[in-house]
Structures are given as structure tokens and as C-alpha cells.
Amino acid sequence: MEKEKKLTAILLTALFLISIAIAIPIKQVNASPVELHVGLGQAYTTIQAAINDANQGDMIIVHEGIYNENVVINKSLTIQGTDKENVIIDGTGLSGKGVSVEADYVTIKNLTIRNFKSGNWPWGIELVSASHCVLEDLIVLNCTSGGINLWKGCHNNVVRNNLIKYCDGNGISIYGSDVGCTYNLIEGNTIVDCAFASTDGYRVPAIAAFSGASNNIIKNNVLKQEAYVGKGRGITLWGLTYSGADMPEADNVIHNNTIMNFEVGIYIIGCNPYTGSVNLIRNTTVTQNTVTNNLVGFKQIGFEGGYSPITLHYNNIYDNDDYGALVDITYGTAILNATLNWWGDPSGPHHPTLNPDGLGDEVSDNVDFDPWLTAPITVVSSKAGTDEWLEFPESDVEVYVSGSATVYIATYESNPGASFMGDIGNYIDVYIPDTSGLTELEVRKYYTDEEIEALGLMESSLRMYWWNGTDWLPCSETGVNTAENYIWATVNATTTPSLTDLTGTPFGAAGRVPVGGVILPVDKLSVITPWLLIAAIIASGTILILRKTRP
């Protein structure tokens, strides 16, 4: 129970952090901003000159051209290019950073920053103690220190939908140092070949969160190696201690990223190897990521005690060469909570003693992997509620919570169990980490008339089924609402499945009792047509007979 309560707290924190990061408020600092234009034939020929003349809240529009300059933004402004591929801040022959942001409420979007390769920390863009900034729809190329750096005291920033390629350092770095970096959203970025193994053995991550980088969201990014296959790390959290504040109670969320072709896909280091300190990263959730074709999919080091504060659920982890999940026991032997993941095969991950028949990715000791998913998943959503309906539109599901609970709904790509007669082909997973405050759950799975008609099923016969690990069984309390097109099932302490079964339970639906075999789609017209022909023949024969017998 203590483990379940802890997990519930972690999941609730993840939900809270994601909701915060989706809409970080951006302050309007000037009610009447002025546009300043930069480019050939415009009022300004350099971006810096326009910045120097601008007032707080003004917008600088940069027209097509190559601007060979270092840019320092020290006031709240919007810098926007007219064409991100042809508005270029170029560092050829220059030293230092491409763009240095030293003010809050700065927006930079729709332009390219490239070729900053020499001097003092030549990042493409660096935020220095800057908050509430937006870096969006940018291209960052060939910068030696890395693409984008959030440095010391950067809070509530958004780094979204950027393409970062061929940088010798991190694609995106969040480095709190002695003052922390919190509540930043890193979303929808594509990072290619920005991570590698350096000559001194340091493994550079594509996205890195270091030393007091806490409560950040890393979601919906695509990270891959093309030239450096098998080198570097995809996402790294490194828990170096820092002196400016106590460690926060919640840490980062890593959600729905695609990570491929690295030495390690996701690496969470909860220790300071220089001091030997451990457990320096707090509650961190890793959900719905696709981690594939790496040497190691997920690696954990630096935690001691029972379970580590890292939870790894509802991820697709497969085709990784050495390990799907590896716990390095150099700095502690805490167990990794890695249940409810897809490991590449319905038989689960391979472990030489705990699951020797598993055909999925290898897992090391100290990995809790059972139960696992028996099919890959596409969508995961979580919501918490008390005596209310929770909506999961991505899965066409609604859930009514009687009592209080956090509910996870996942959508499977394919059937997570055996085939069964009448199957409508939609499968969800219901997971409730703590059912102690829950008295009953009603699950509604919506369908369309077209789906049912294509299968040739009687709509009134639709029922919900659950996978008990061996068979698809009808839920004991289930039915269909044909007027509103949903199949429902009620789950409580006395039903099958019961509330205690909701530890990651697949649900499906069918039009009749599953007795084996696979139902094939039915073309109603093809079924009816032969009978219509026979009826027509009989009718015509009858008419002929009648004609012959008429006097």
C-alpha cells in the first residue's frame, strides 16, 4: 500500500506538471507594441541596432537575409523572422554565442541560427537567468557548445517546435547550477546528431537537465542519431547537488518522446559521482515514450533504498541491442518500477531467471517489470477526479469515478491478447495505481455505426470484455447504449474484473460470446444478394408454374 500511495503521488505530480507546462503564461509588457523592421531596404540593417532602439514589448520583424552578428537581447521583445529558412543569423568568423537572452518575456521565432563555433561557449541561443521566454519554430545548426541552453535561474520558459542539427554539444540543455531551473517546457523539438561520445569519454545528451533542473516537462520530442549511431545519450537527467535551495519535492516529466540510435536512450543519474551523494533526483515519471534501436533503452544509476523515485510506465521499449532497461548498482541498488511497458514481444522482456522465456528486450536485475504490456500502445492519458466523469477523447473513452482516484487510459496498437469471435478491434488499458479511495468505476467505450456495420455485428449484442492474462472474458456488469453509441462496464469490489484487478487491465469489446476463432468483416450486401437471387428464381418459377396451370 505504501508503494501504491507513493506511485499515486508521483502520477498526480506528473499530471499537475503537464497541465502547468501546456499553458505557461506570457506577460504582455507593452499594450501598444511598435514594429521595427530589419533587412535590405528596411529601417535597420542589423538586428542588434533594432534591439538597441526598441522599447519594452516591441516587435522586431527580420526580413530575408544573412545577418553575420552576435545578438544580445536585454529587454522584453519579440524577434520574428519572415521565413525561418531564409532569415539567418550566421556566426561565420565570429566568436561567442549566436543569441544571448538576458531579459524576461522574450520571444524568438521563425528564423535560423547557425555556425557559431568558436570563442566562449558558442551556443546557438542561451537564456541567462531569463524567465517566461518562448523559443519557437527555429532552426539551429552547427553550433559547437550546443543548440539551446537554459542557464541558471531560467524558469517558466517554452522551447517548442525547433529543429536542432549537427551541434557538437547538447541539442537542448537545462542547467540550474546553484540557483535552479524550473517549470520549463521542452516540447515538439526535433534534434538530430547533436549527441556523441567526446574524446575524453563524456557522453553528450541530445537533451540534458542538470544540477537543480527540476519540475521541467520534456515531451513530444524526436531525438535521433544518423551520423553518430550508437553514440551519445538521448535524454539525461543528472542530479548534481547545488547550494542555492533544497531539492524540490517533485522532479521532471519525460513524456511521449521518440528516441532512437543512441548509446543510451534515457539515462537518469541520481548521484554526484564526484562526492558519492545519491538519491539527488526526486519523483520523475517516464511515460509513453518510444525508445528503440539504442544500445540501452533506459538506464538508472545512483539510487538506494527500496524503490527508486523513478517510474517507467506505458512506454514502447523494443529492439535495443543490449538492454531495454538497465539498473547500474554502482551507487545503490534501488529497484526501478518499470511495470506496464511494451518490450517488443507479448511474452515480455527477457530476464535469465525471472522471465527466461521472454522474447522482448533484456532487462537487468533490480527491474520490476511484471505485469508488462502484451501489445504496443499509442496513446496514454491520465486524469484525477472525485465523483465525476473523466474524459479521454484520444481513446474515445469516458470514465465515471465514484470516490476518488487517478485513472490512466492507454490505447493499444493491436490486440493485447488472443483473437476472439466478434471482436470490434478497439483495445484500451485501464490502470489505477491506488484504488483505496474508489468505490466504483464505470468505463464507457464509444464506437461508430460504420465500425459495427462493417463487421456485420448486431449492435444490441455488444459487450465489454477484459483480458485476464489467458482469456478474453465478458465483464460481469456490461451492456451497450445504442442511442449514444457506447459500450459500458461497471467495476467495483464484487464484479469481474474487480477494482483490485485494475493494475493495468486490457479491455476490448465484441458482439457475441467469444468461442474461439477470428471474426471476419461482413459485407451485408454480399450476404443478402444470394438470397435475393434465390428468392427471385423461386418467385419467377412460381409465376411460370402458375401461368402453365391457368386454364
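Just so we're clear, the structure is a prediction, and the values are computed from it rather than from any experiment.

(A) A look at the overall build of the chain. When helices and strands are counted, the chain shows 4 helices and 44 strands. Here the chain holds 551 residues, and 55% of them are scored as buried. A fraction of 72% describes how many contacts in the chain between residues 6 or more apart in sequence connect residues 24 or more apart. When the accessible surface of the chain is summed, it comes to about 22700 Å², and 53% of that surface belongs to carbon and sulfur atoms.

(B) Layout of the pattern of salt bridges. Applying the stated rule across the entire model yields 7 salt bridges. Notably, a salt bridge pairs Glu226 with Lys224, separated by 3.7 Å at the nearest N-O pair. For Lys224, a relative accessible area of 26% puts it in the partly exposed group. Here the salt bridges share partners, and the residues they tie into one network are Lys109, Glu136, Arg160 and Glu187.

(C) Representation of the packing of aromatic side chains. Per the counting criterion, the structure on display carries 13 aromatic pairs. Members of the aromatic cluster, each reached through a chain of ring pairs, are Phe420, Tyr427, Tyr465, Trp467 and Trp472. Positioned above the aromatic ring of Phe392, the side-chain terminus of Lys383 is 5.8 Å from the ring centre.

(D) Here's a closer look at the nonpolar core. Within the largest apolar cluster, 75 residues are counted, with the highest numbers of intra-cluster contacts made by Ile60, Ile73, Ile79, Val101 and Ile108. With residues up to four places along the chain from it excluded, the contact list for Ile79 reads Ile47, Ile51, Ile60, Val62, Ile73, Thr107, Ile108, Lys109 and Leu111.

(E) Quick peek at the sheet that holds strand β23 (residues 222–224). In space, the 10 strands of this open sheet follow the order β3-β6-β9-β12-β15-β19-β23-β26-β29-β32, with parallel pairing throughout. Each edge of the sheet is formed by a strand with only one pairing partner; in this case those strands are β3 (65–67) and β32 (316–318). For this sheet the average axis-to-axis angle between neighbouring strands, irrespective of direction, equals 10°. Relative to strand β9 (residues 112–114), strand β6 (residues 87–90) runs parallel, the two being bridged by 3 bridges. Residue pairing across strands places Ile88 opposite Thr112, the latter belonging to β9.

Each value, and the rule that gives it
- Along each chain, the written sequence defines residue order, and numbers are assigned to residues from 1.
- Note on the predicted model: pLDDT of at least 70 is required for a residue's local features to be given, and 80 or more for side-chain atom pairs to be given and counted; whole-chain, interface and lining totals, by contrast, use all residues.
- Excluding hydrogens and water, the side-chain figures rest on all heavy atoms present in the structure.
- Numbered from the N terminus, helices here are DSSP runs of H or I no shorter than four residues, and strands are runs of E no shorter than two.
- Note on exposure labels: buried denotes an accessible area under 20% of the residue type's maximum, exposed denotes more than 50%, and partly exposed covers the range between, all computed with a 1.4 Å probe on protein chains only.
- Throughout, a contact is declared for two residues whenever any of their heavy atoms are within 4.5 Å.
- Only the protein chains shown count as cover for residues, and the accessible areas themselves come from Shrake-Rupley with a 1.4 Å probe.
- In what follows, salt bridge is the name for a side-chain nitrogen of Lys or Arg lying within 4 Å of a carboxyl oxygen of Asp or Glu.
- Ring pairs are drawn from Phe, Tyr and Trp, using the six-membered ring of Trp, whenever the two centres fall within 6.5 Å, and their geometry is named by plane angle: stacked under 30 degrees, edge-to-face over 60, tilted for the rest.
- We call a charge positioned over a ring when the NZ of a Lys or the CZ of an Arg lies within 6 Å of the ring centre and within 35 degrees of the ring normal.
- For this analysis, a nonpolar core means a set of buried residues of the types Ala, Val, Leu, Ile, Met, Phe, Trp, Tyr and Cys, connected via side-chain atoms within 4.5 Å.
- Here, a strand pair is defined by DSSP locating no fewer than two bridges between the strands.
- Angles run from 0 to 180 degrees between N-to-C directions of axes, and those axes are lines fitted to C-alpha atoms, restricted for helices to the stretch in contact.

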